[in-house]
Amino acid sequence: MVLALTVCGIAVALVVIGLFVFGLRRRLIQRSGGTFDCSLRWDAPKEGDGGGKGWSYGVARYNGDRVEWYRVFSYSPRPRRVLERSAIEVAGRRVPDGEEELALLSDAVILACLHRGTRLELAMSEDALTGFLAWLEAAPPGQRVNVA
């Protein structure tokens, strides 16, 4: 009986510590500001091919001429993807359809992009999209930015 209670206590303590570290990580990412909720689909299929598969929920953070994308459900302190402003080419935007409506946040708009030859899609709120496009267009003089 005592052993069972000890094991259960340890298990509960580990879960609480895990959730605390999880929350602390998100707080540290958002500490410097310039963050927004953003789902990402890397190596996105051609339009109409993918359905709702391949999306990962995350938080993106502006950092100078880069956007750092962190998975929400991860303990890693490093960004999973880093997108450089000069390498992003916007191909278009669309609203989620079919299974994507279930995989993404309710007010999401999907932005199709190319980054160094890799097709990717970013899903974010309309407000975050406006800020993202403004950030892309605000590149320093001499940098080529392609916004469709």
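Reading the values: the criteria
Residues numbered from 1 in each chain as written. Predicted model: local features only at pLDDT ≥ 70, side-chain atom pairs only at ≥ 80, totals over all residues. Heavy atoms only, no water. Helix = DSSP H or I, 4+ residues; strand = E, 2+ residues; numbered from the N terminus. Expected span 1.5 Å × (residues − 1). Buried < 20%, exposed > 50% of the residue type's maximum accessible area, 1.4 Å probe, protein only. Arc of directions from axis to C-beta. Patch = residues over 30% accessible without salt bridge, like charges linked within 9 Å, V, L, I, M, F, W, Y side chains within 5 Å. Areas by Shrake-Rupley, 256 points an atom, 1.4 Å probe, with all protein chains shown as cover. Salt bridge = Lys/Arg side-chain N within 4 Å of Asp/Glu carboxyl O. Pairing = 2+ DSSP bridges. Axes fitted to C-alpha atoms, helices over the stretch in contact; angles between N-to-C directions. Contact = heavy atoms within 4.5 Å. Core = buried A, V, L, I, M, F, W, Y, C linked by side-chain atoms within 4.5 Å. pLDDT = per-residue confidence, 0-100.

Draft legend 1. Region of the structure containing helix α3 (residues 126-137). Its 12 residues give α3 an end-to-end C-alpha distance of 17 Å, which sits within 8% of 16 Å, the value for a rise of 1.5 Å per residue. What α3 keeps buried is the set Ala128, Leu129, Phe132, Leu133, Trp135 and Leu136. All buried residues of α3 fall inside an arc of 155° around its axis, so they share one side. Along α3, exposed side chains directed more than 90 degrees from the buried face belong to Asp127 and Glu137.

Draft legend 2. Representation of a nonpolar patch on the surface. Taken together, the side chains of Ile17, Phe20, Val21, Leu24, Leu28 and Tyr75 present a nonpolar region at the surface, about 600 Å² in accessible area. Take Leu24: it is sitting in helix α1 (residues 2-31).

Draft legend 3. Broad picture of the sheet that holds strand β8 (residues 118-124). Pairing in this open sheet of 4 strands is antiparallel, and the strands run β2-β8-β7-β6 from one edge to the other. Every other strand in the sheet has two partners, leaving β2 (39-42) and β6 (88-94) as the edge strands with one partner each. Strand-to-strand twist in this sheet, taken as the mean axis angle between neighbours without regard to direction, amounts to 20°. Pairing geometry for strand β7 (residues 109-115) and β8, over 7 bridges, is antiparallel. Residue pairing across strands places Leu111 opposite Leu122, the latter belonging to β8.

Draft legend 4. Representation of the sheet that holds strand β5 (residues 81-84) within the structure. Judged by pairing direction, the sheet is antiparallel, and its 4 strands sit side by side in the order β1-β3-β4-β5 without closing on themselves. Two strands lie at the open edges of the sheet, namely β1 (35-37) and β5, each paired on one side alone. Strand-to-strand twist in this sheet, taken as the mean axis angle between neighbours without regard to direction, amounts to 25°. Here strand β3 (residues 58-63) pairs with strand β4 (residues 66-71) via 6 bridges, running antiparallel. Paired with Gly58 across the strands is Arg71, a residue of β4. Docked against the sheet, α1 engages β1, β3 and β4, running at close to 30° with respect to β3. Sheet strands in contact with α3 are β1, β3, β4 and β5, and its direction is about 30° off that of β3.

Draft legend 5. Region of the structure containing the nonpolar core. Membership of the largest hydrophobic core comes to 21 residues, with the highest contact counts inside it found for Leu122, Met124 and Phe132. Those elements that place two or more of their residues in this core are β4, β6, β7, β8 and α3. Broken down by element, this core gets its largest block of residues, 6 residues, from α3. When neighbours within four sequence positions are excluded, Met124 is seen to be in contact with Phe36, Asp37, Cys38, Asp107, Ala108, Val109, Leu129 and Phe132.

Draft legend 6. Summary view of the confidence of the model for the protein chain. Confidence along the protein chain averages 86 in pLDDT terms, with 91% of residues attaining 70 or more. When mean pLDDT is taken per element in the protein chain, β5 scores highest with 94 and helix α2 (residues 100-103) scores lowest with 82.

Draft legend 7. Structural detail: the pattern of salt bridges. In total, this model carries 11 salt bridges according to the counting rule given. Residues Glu126 and Arg93 are paired through a salt bridge, measuring 3.7 Å at the closest nitrogen-oxygen approach. With Glu126 in helix α3 and Arg93 in strand β6, this pair connects stretches of sequence that are 33 residues apart. Of the residues examined, Glu126 reaches a relative accessible area of 39% and is grouped as partly exposed. Here Glu100 and Arg94 are joined by a salt bridge, their closest N and O atoms 2.8 Å apart. Several salt bridges share partner residues, and in doing so they unite Arg41, Arg94, Asp97, Glu100, Arg119 and Glu121 into one network.

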